[in-house]
Amino acid sequence: MAIKKQVIKTKPVVKVTFSIDAKEANTASVVGDFNNWNPAEGELSKLKTGTFKATFELPKDNSFEFKYLVDGTYVNDPEADSYAYNEFAGAENSVLAL
């Protein structure tokens with residue numbers, strides 16, 4: 001799993017690339033505060049290597065809770081900036097700081 005951030009100097013956004021290795025999986029999405037936890041809006045594309053990947057433009061100077069949804073199972077990113085306990089989910093979420 002990996003998170004790559006690219007600051008865009010001409011816009012108030014950061015290009016964030018999410019990727020997760022899931023060779024056996026059929027579907028993967030990144031869901032979080034930035035897309036209302038909607039898997040359809042955070043769909044990742046499967047590469048030939050078995051890695052799922054996508055890039056999103058997110059507003060800078062923010063932090064967002066998120067998880068990966070891989071074949072219906074929620075997974076945290078071990079490379080997240082931090083983790084936050086979420087009462088609604090009853091579990092920790094990954095945190096992305098921009």
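For the structure, see preceding data.
Residues numbered from 1 in each chain as written. Predicted model: local features only at pLDDT ≥ 70, side-chain atom pairs only at ≥ 80, totals over all residues. Heavy atoms only, no water.

**Description of the overall build of the protein chain**
Rules: To qualify as a helix, a DSSP run of H or I must reach at least 4 residues; to qualify as a strand, a run of E must reach at least 2; elements of each kind are numbered from the N terminus. Computation of the radius of gyration draws on C-alpha atoms, with the globule rule given as 2.2 Å multiplied by the number of residues to the power 0.38. Burial classes: relative accessible area under 20% of the type maximum marks a residue as buried, over 50% as exposed, and values in between as partly exposed (1.4 Å probe, protein chains only). Note on contacts: a residue pair is in contact if any heavy atoms of the two residues lie within 4.5 Å. Only the protein chains shown count as cover for residues, and all accessible areas are computed by the Shrake-Rupley method using a 1.4 Å probe. In this tally Asp and Glu are treated as negative and Lys and Arg as positive; neither His nor the chain ends contributes. Charge positions are represented by NZ for Lys, CZ for Arg, CG for Asp and CD for Glu.
Along the protein chain, the regular secondary structure elements total zero helices and nine strands. Secondary structure elements of the protein chain, listed N to C terminal, follow the sequence β-β-β-β-β-β-β-β-β. The globule rule puts the C-alpha radius of gyration for 98 residues at 13 Å, and the 13 Å found for the protein chain is close to it. Principal-axis analysis of the C-alpha atoms places the extent of the protein chain at approximately 40 × 35 × 25 Å. A buried classification covers 42% of the 98 residues belonging to the protein chain. Within the protein chain, contacts between residues at least 6 apart in sequence are counted, and of these 60% link residues at least 24 apart. Split by element, the accessible area of the protein chain, about 5900 Å² in all, is 49% carbon and sulfur. Across the protein chain, 11 positive and 14 negative side-chain charges occur, with their mean positions spaced 11 Å apart.

**Quick notes on the environment of Thr49**
Basically, it comes down to this: N or O atoms within 3.5 Å of each other form a polar contact, as long as, within protein, one can give a hydrogen and the other can take it, and as long as residues adjacent in sequence are counted only when both atoms are side-chain atoms.
You can see Thr49 is positioned in the loop between β4 (45-46) and β5 (51-59). A relative accessible area of 51% means that Thr49 is categorised as exposed. Remark: the alpha-carbon pair of Thr49 and Lys23, spanning 26 residues in sequence, is separated by 7.3 Å. Among the polar contacts listed, one links the side chain of Thr49 to the side chain of Thr51, at a separation of 3.4 Å.

**A short note on the pairing of strand β3 (residues 28-32)**
Note the following rule: For two strands to be treated as a pair, DSSP must find at least two bridges joining them.
Summarising burial for β3: five of the five residues are buried, a large majority. Neither face of β3 is left uncovered, since the one carrying Ala28, Val30 and Gly32 and the one carrying Ser29 and Val31 both have all their residues buried. Summarising the sheet, β3 and strand β6 (residues 63-70) pair through five bridges and their orientation is antiparallel. Each residue of the ladder has a partner; that of Ser29, found in β6, is Leu69.

**Quick notes on the packing of aromatic side chains**
Which entries qualify depends on this criterion: Geometry of aromatic contacts follows a simple scheme: Phe, Tyr and Trp rings, the Trp one being its six-membered ring, pair when their centres are within 6.5 Å, and the pair is stacked under 30 degrees between planes, edge-to-face over 60, tilted otherwise.
Tallied over the entire structure, the rule returns six aromatic pairs. With a centroid separation of 5.7 Å and 90° between ring planes, the pair formed by Phe34 and Phe64 is classed as edge-to-face. Within this pair, whereas Phe34 is found in the loop between β3 and β4, its partner Phe64 is found in strand β6, the two being separated by 30 residues in sequence. Pair check on accessibility: Phe34 and Phe64 agree, each one buried. Aromatic ring contacts, followed pair by pair, group Phe18, Phe34, Phe56, Phe64, Phe66 and Tyr68 into a single cluster.

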